[in-house]
Amino acid sequence: MKRLMLLLSFVAAFAAPAAAESTKPPLPRDSVYQLAAYFTDAQSRRFAWNAKRGQPQLVSMFYTSCKFVCPMIVDGGKAIEQSLSAAERERLGVTLISLDPARDTPAVLLRMRQDRDLDPVRWTLARPQPQDVRAIAGLLGIRYRALADGEFNHTTVLVLLDADGRVIARTEHVGGLPDPVFLAAVRRTLVP
Amino acid sequence: MRALLVICLLPLVASAGEVTGYARIAGGDFITALKYEDARGPTKVAPFDIMRRPVTNAEFLAFVTRNPAWRRDRVAPVFAGPDYLAHWPAPARLSPDGLGGQPVTRVSWYAANAYCEEQGARLPRWFEWEYVAAADETRRDARRDPAWRERILGWYARPSSRSLPRSGAQAANAYGVRDLHGVVWEWTDDYSALLVSGDNRNQGDPDRTQFCGAGALSIDDRENYAVLMRVAMLSSLGGSDTTMNLGFRCVREVR
Amino acid sequence: MKRLVSLLPFVFVFVLAGCDRAQRAPDAGAAIPAQVTTGGSKGGDFGPPQGEPVKAVLTSPPFVPPATGRTQPAKVIVELEVIEKEMAISEGVRYMFWTFGGTVPGSFIRVRQGDTVEFHLKNAPDSKMPHNIDLHGVTGPGGGAASSFTAPGHASRFTFKALNAGLYVYHCATAPVGMHVANGMYGLILIEPPQGLSKVDREYYVMQGDFYTVGKYREKGLQGFSMEKAIDEHPTYVLFNGGEGALTGEKALTAKTGESVRLYVGNGGPNLVSSFHVIGEIFDKVWYEGGTHFQENVQTTLIPAGGAAMMEFHVEVPGSYVLVDHSIFRAFNKGAVAILKAEGPEVAAIYSGKEVDEMYLGDRAQPNLAAVANAARSAKAGALTLDEQIKAGQALFAGTCSTCHQGNGQGLPGVFPPLAKSDYFAKDPTRIVDVVLRGLSGTVKVNGQAYDSVMPPMSQLTDDEAANIATYVLNSWGNPGGRVSSDEVAKRRKEAPVAAAAPH
């Protein structure tokens, strides 16, 4: 079963970018994908941020050694997913971007994905380039600071991007029951 | 045509810079006015080079000419808000009225960052900026002097409608750096690390879920309101924001 | 009888004891009569807003928006802009104020308890600083400050429900908070009780604040903010509505006699507490601290920094009523003065104005007044003798003329001419009436010496007094003698009227 999933995700990984590059209108000027940022995922695959274009995304920033709120970010993403129908769920991607590329290597990301039992097709754990972290955070409206001990202070937010990478909604209400206003926005964005 | 433009601009660039280039800052231990829960002892500031004065309109025009993606009529709104470079008469032209020599304002963090990167530099970190800005003309750390604080506060009394002075017009401070106070606010690389709650009166109130982990920033030295106000200002901004009082200068690593 | 009397004290004590028992603290379990309360915030939610959203009418000081007139909770949209602007704080003195709505204090906001307020805070693009707002009428973190932190050129929005009625201060709460408040970032929001406020003829908005400048009081030019003085709580100015003269002269508040006036008075601070008083008026009602209950018949009320009070009074007589902080040096040396000018007909029965201004000779003249009284009596009876006139004149002379001409009539050589053995009067004794009535100036030669002084007209003297003094002088110190009647004086006065002069 696992192998099949792996194969499927392999195919999906190639299929998605290919689909994205076909007859697409120019990227909207208010899209976060205007930033030419590159990531590595838990499978050590390198991808451009605009490869996510074509599918609405739930995006946040976190780091794996975070014990406090970051687990709640994952819970928050899951809670949104649970509140959607199966069809809606398939149309939504979740991208969590690390604040700590130095320590969040693909191996570490993979372990986290397994620990939290995250669907490898729908969920992407992404390691950015160190020089892009502040720029990405700025586009998502996330503020953060590196602490002396390697931890991070950061604001906690879930951002909804539409298929073209425009910020549609944000919620700081993370964990437990989903913010109903945010959930409604997610549903509207997922209408095909 | 573009080459002609650049050549024409050279005199503007040169005249604004009897003061040019970077000053070497040796660094050292530094007691910051900011209070972070995780800080242990003084902050260590590593050596760095800092521009002696803020970047001017003329210098920024040259950058925009070389990198047309940063023209105000072409830049993506996610990188710069609607007021970006609004004070220029045209997207790639300056008026000959002294604007060229003034510090550039109405620039976003992304634009300032791109300018510095093109130079092989970066924006200063908050501590680097604070370290150099603690000096007055004769002392490296003038922060205890009430007269120095009053001078800085005097800037807030001046209305924004008055035009800016020429960049680098102030006397140099003890490090040879000018215009850190009383001219424009300046971007820092880690502007979004200044995690201040929107209501600063809650200092010490541990609403820890707001900023994952330790509580928000407190200002330790309550009399250093010059710093307080800079922090308040930077913490209110997003990366694509511009204001008519906000400019920048760059910093280079020392290898 | 004696025995009964001696028993009285004991009876008295018993009676007192009986009274005392009734007034002792109630036994446990006995109900203390409940105070009337409005139910606080818990009882202040009247449900969801009804009807179409309403745009709040905001006014600049000293005016107040009209009553909402609502009977149901509504959604109210408030839009307030922060503007940093240079204005006059005193004549010739300018200051960089930070304002809500372009004025100090900021715009007056009026809503009703139970309303849902959608608050839009805008920060002008040329502002140097980010700003936010804390409204004391908001129940919620920071009073809204946490949700309204706004960079220059931005706007933010938050929504709150007004659960408590009252008159509340709002102010900016961005660090350093004291500086933002000291620069004028405060105002008032009135949350009307559900039944509304009673109708009055005039409503005015006044707010006190203390200001701290680097320069001294009234030092000209653009003055900067002094953080040192603010921390030490030594204001340079204490003002109503952000400027000296903001509410005086042409800009005074106005009312007519017979009108009822309600003042909404706030104190933005940042430091001082106000002892608010209106000279010449008593507050019929004061809703102390801007709350629900009122006190009556109050002369001076305390308004805490960051607090407010509402007061009503009725104007009976015309005049200028001066609003002050009765920590009085603030009023007269730092500018805490405002005027309410009331116009209308005088009402002498309530306030007469000055009725009498007469000579008061004090103790020194006491014994001699008897002579004056005596002469007056005789004159009335028509039987005034020369001797009585002379005695009365002597007493009056001592109080009025001797200052210059000396008690013995010698005068002051070279300065004041002598009256003793005066050849001036010897030539023509009738001159004395004119001199007393009209004074004398220009060169005059008396007893061989020239004098060139000014004697003012003694127009404060009555005909009787002038006659008695003249008679006394003519009959003293070797003068020719003679008699002057009060009729003669009256006749002379009528023939050539004398202008009023300053009292001698």
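None of these values were measured; they are calculated from a predicted model.

Asks: Teacher, can you tell me more about the overall build of chain C here?
Replies: Within chain C, the secondary structure is distributed over eleven helices and 25 strands. A buried classification covers 46% of the 504 residues belonging to chain C. Contacts in chain C between residues at least 24 apart in sequence constitute 68% of all its contacts with a sequence separation of at least 6.

Asks: Please clarify how the nonpolar core should be interpreted in this entry.
Replies: Note that soluble globular proteins tend to have their nonpolar side chains buried in a common cluster. Counting 180 residues, the largest nonpolar core has Phe60(B), Phe248(B) and Phe119(C) as the members making the most contacts within it. Examining the composition of this core, we find that eight residues originate from one element, helix α6 (residues 225–235) of chain B, more than from any other. Discounting residues that sit within four places of it in the chain, Phe60(B) has contacts with Val55(B), Tyr84(B), Leu85(B), Trp88(B), Val104(B), Val107(B), Ala111(B), Tyr115(B) and Phe248(B).

Asks: Would you take a moment to explain the packing of aromatic side chains for this structure?
Replies: Here a ring pair, both rings aromatic, is described through the centre-centre distance and the interplanar angle of the planes. Counted according to the given criterion, the structure contains 36 aromatic pairs over all chains. Of note, Arg134(A) hangs over the ring of Tyr144(A), and the distance from its end group to the ring centre comes to 4.0 Å. For the cation-ring pair, Arg431(C) lies above Tyr424(C), with the distance from its terminal atom to the ring centre recorded as 4.1 Å.

Asks: How should the state of the cysteines be read in this particular structure?
Replies: As used here, a disulfide is simply a covalent bond connecting the sulfur atoms of two cysteines. Residue and element names in this part refer to chain B. Enumeration according to the criterion identifies one disulfide over all chains in this entry. Between the sulfur atoms of Cys116 and its disulfide mate Cys250 the distance is 2.0 Å. Where Cys116 bonds to Cys250 through sulfur, the torsion about that S-S bond is close to -85 degrees, and the disulfide is left-handed. Remark: Cys250 occurs in the loop between β8 (246–247) and β9 (251–253) and Cys116 occurs in helix α3 (residues 109–118); sequence separation between them is 134 residues. Comparing Cys116 with Cys250, the two get one shared label, buried.

Asks: Even after reading the chapter, I still don't get the sheet that holds strand β4 (residues 109–112) of chain C, so can you show me in this structure?
Replies: The strands making up a sheet associate through hydrogen bonds between their backbones, and the pairing can be parallel or antiparallel. Residue and element names in this part refer to chain C. Spatially, four strands are ordered β4-β9-β8-β6 in an open sheet, and the strand pairing comes out mixed. Lying at the two open borders of the sheet, with one neighbouring strand each, are β4 and β6 (134–135). Bridge count for β6 against strand β8 (residues 166–171) is two bridges, and the pairing is antiparallel. Bridge pairing links Asp134 to His171 in β8.

Asks: Just checking my understanding: could you explain the interface of chain A and chain B for this structure?
Replies: For an interface, size is often stated in terms of accessible area lost upon the parts coming together. Counting residues at the interface gives 26 residues for chain A, matched by 30 residues for chain B. Here chain A packs against chain B, burying approximately 2200 Å² in sum over the two surfaces, 58% of which is carbon and sulfur. At the surface where chain A touches chain B, the tally comes to nine residue pairs in polar contact (both at pLDDT 80 or more). Looking at the side of chain A that touches chain B, the elements that each hand over two or more residues are α5 (133–140), β6 (144–146) and β7 (152–154) of chain A. At four residues, the largest contribution of residues to the side of chain A that touches chain B is made by α5(A). For the side of chain A that touches chain B, a count of residues per class yields 13 nonpolar, seven polar and six charged.

Asks: What should I look at first to understand the packing of helix α6 (residues 386–400) of chain C against helix α10 (residues 463–474) of chain C in this one?
Replies: Pairs of packed helices are described in terms of their axes, by the angle between the two and the distance that separates them. All names here are of chain C. Between α6 and α10, whose axes approach to 7 Å, the crossing angle comes to 100 degrees. Between α6 and α10, the crossing angle belongs to the class labelled roughly perpendicular. Touching Leu386, Gln389, Ile390, Ala392, Gly393, Gln394, Leu396 and Phe397 of α6 are Glu465, Ala467, Asn468, Ile469, Thr471, Tyr472 and Val473, all from α10. Residue composition of the contact of α6 with α10, grouped by class: nine nonpolar, five polar and one charged.

Asks: For this particular structure, what's the right way to read the interface of chain B and chain C?
Replies: Facing the 28 residues of chain B at the interface are 33 residues of chain C. Of the roughly 2600 Å² buried between chain B and chain C on both sides combined, carbon and sulfur atoms contribute 63%. At the junction of chain B and chain C, the tally comes to zero salt bridges. Our count for the chain B to chain C interface comes out at three residue pairs in polar contact (both at pLDDT 80 or more). Among the elements of the structure, α5 (146–157) and α6 of chain B are those that each provide at least two residues to the side of chain B that touches chain C. Looking at which element gives the most residues to the side of chain B that touches chain C, the answer is α5(B), with seven residues. Class assignment for the residues of the side of chain B that touches chain C results in 14 nonpolar, seven polar and seven charged.

Asks: I would appreciate a short explanation of the pairing of β8(C) in the present structure.
Replies: Across a regular strand the side chains alternate sides, sitting on one face of the sheet and then on the other. All names here are of chain C. In terms of burial, β8 is largely enclosed, as six of its six residues are buried. With burial as the criterion, each face of β8 is covered, one bearing Gly166, Tyr168 and Tyr170 and the other bearing Leu167, Val169 and His171. Of the strand pairs in this sheet, β8 and strand β9 (residues 186–192) are connected by six bridges, and their pairing is antiparallel. Its bridge partner lying in β9, Val169 is registered against Leu188.

Asks: In this structure, what is going on with a nonpolar patch on the surface? I would like to understand it.
Replies: Residues and elements named next belong to chain C. Taken together, the side chains of Ile328, Phe329 and Phe332 define a hydrophobic patch exposed on the protein surface, amounting to about 350 Å² of accessible area. Mapped onto the elements of the fold, Phe332 is located in helix α4 (residues 328–333). Relative accessible area serves as the criterion here: at 55%, Phe332 is assigned to the exposed category.

Asks: Hey, could you run me through the sheet that holds strand β15 (residues 274–279) of chain C in this one?
Replies: All names here are of chain C. Strand order in the open sheet formed by five strands is β13-β21-β20-β15-β18, and the pairing between neighbours is mixed. This sheet does not close on itself; its edge strands, each paired only once, are β13 (253–256) and β18 (300–303). Looking at each pair of strands side by side, their axes are set apart by 25 degrees on average, direction ignored. Where strand β20 (residues 319–325) lies against strand β21 (residues 337–343), six bridges are found, and the strand directions are antiparallel. Directly across from Leu323, in β21, lies its bridge partner Ala338.

Asks: In this structure, what is going on with the confidence of the model for chain C? I would like to understand it.
Replies: Detailed reading of the predicted coordinates is not advisable wherever pLDDT is low. Residue and element names in this part refer to chain C. Of the residues in chain C, 90% have a pLDDT of 70 or more, and the chain-wide mean is 88. Note that residues 11–22 has pLDDT below 50 and, in this model, zero contacts with residues that lie over four places away or in other chains. Below a pLDDT of 50 lies the segment residues 500–504, which in the model reaches eight contacts outside its immediate sequence neighbourhood of four places, other chains included. At the level of chain-chain contacts, confidence expressed as ipTM amounts to 0.81, with global pTM at 0.71.

Asks: I would appreciate a short explanation of the packing of helix α2 (residues 57–66) of chain B against α3(B) in the present structure.
Replies: Residues and elements named next belong to chain B. Packing of α2 against α3 leaves a shortest axis separation of 11 Å and a crossing angle of 80 degrees. Taken together, the axes of α2 and α3 lie roughly perpendicular to each other. Contacts between α2 and α3 involve Glu59, Phe60, Phe63 and Arg66 from the first element and Ala111, Ala114, Tyr115 and Glu118 from the second. Of the residues contributing to the contact of α2 with α3, the split by class is five nonpolar, no polar and three charged.

What counts as what
Residues numbered from 1 in each chain as written. Chains lettered and ligands numbered in written order. Predicted model: local features only at pLDDT ≥ 70, side-chain atom pairs only at ≥ 80, totals over all residues. Heavy atoms only, no water. Helix = DSSP H or I, 4+ residues; strand = E, 2+ residues; numbered from the N terminus. Buried < 20%, exposed > 50% of the residue type's maximum accessible area, 1.4 Å probe, protein only. Contact = heavy atoms within 4.5 Å. Core = buried A, V, L, I, M, F, W, Y, C linked by side-chain atoms within 4.5 Å. Phe/Tyr/Trp six-rings, centres within 6.5 Å; stacked < 30°, edge-to-face > 60°. Lys NZ or Arg CZ within 6 Å of the ring centre and 35° of its normal. Disulfide = S-S within 2.5 Å. Pairing = 2+ DSSP bridges. Buried area = accessible area lost by both parts, 1.4 Å probe. Polar contact = N/O pair within 3.5 Å; in protein donor to acceptor, adjacent residues only side chain to side chain. Nonpolar A, V, L, I, M, F, W, Y, C, P; charged D, E, K, R; others polar. Axes fitted to C-alpha atoms, helices over the stretch in contact; angles between N-to-C directions. Parallel < 35°, antiparallel > 145°, perpendicular 65-115°, else oblique. Salt bridge = Lys/Arg side-chain N within 4 Å of Asp/Glu carboxyl O. Patch = residues over 30% accessible without salt bridge, like charges linked within 9 Å, V, L, I, M, F, W, Y side chains within 5 Å. Areas by Shrake-Rupley, 256 points an atom, 1.4 Å probe, with all protein chains shown as cover. pLDDT = per-residue confidence, 0-100.

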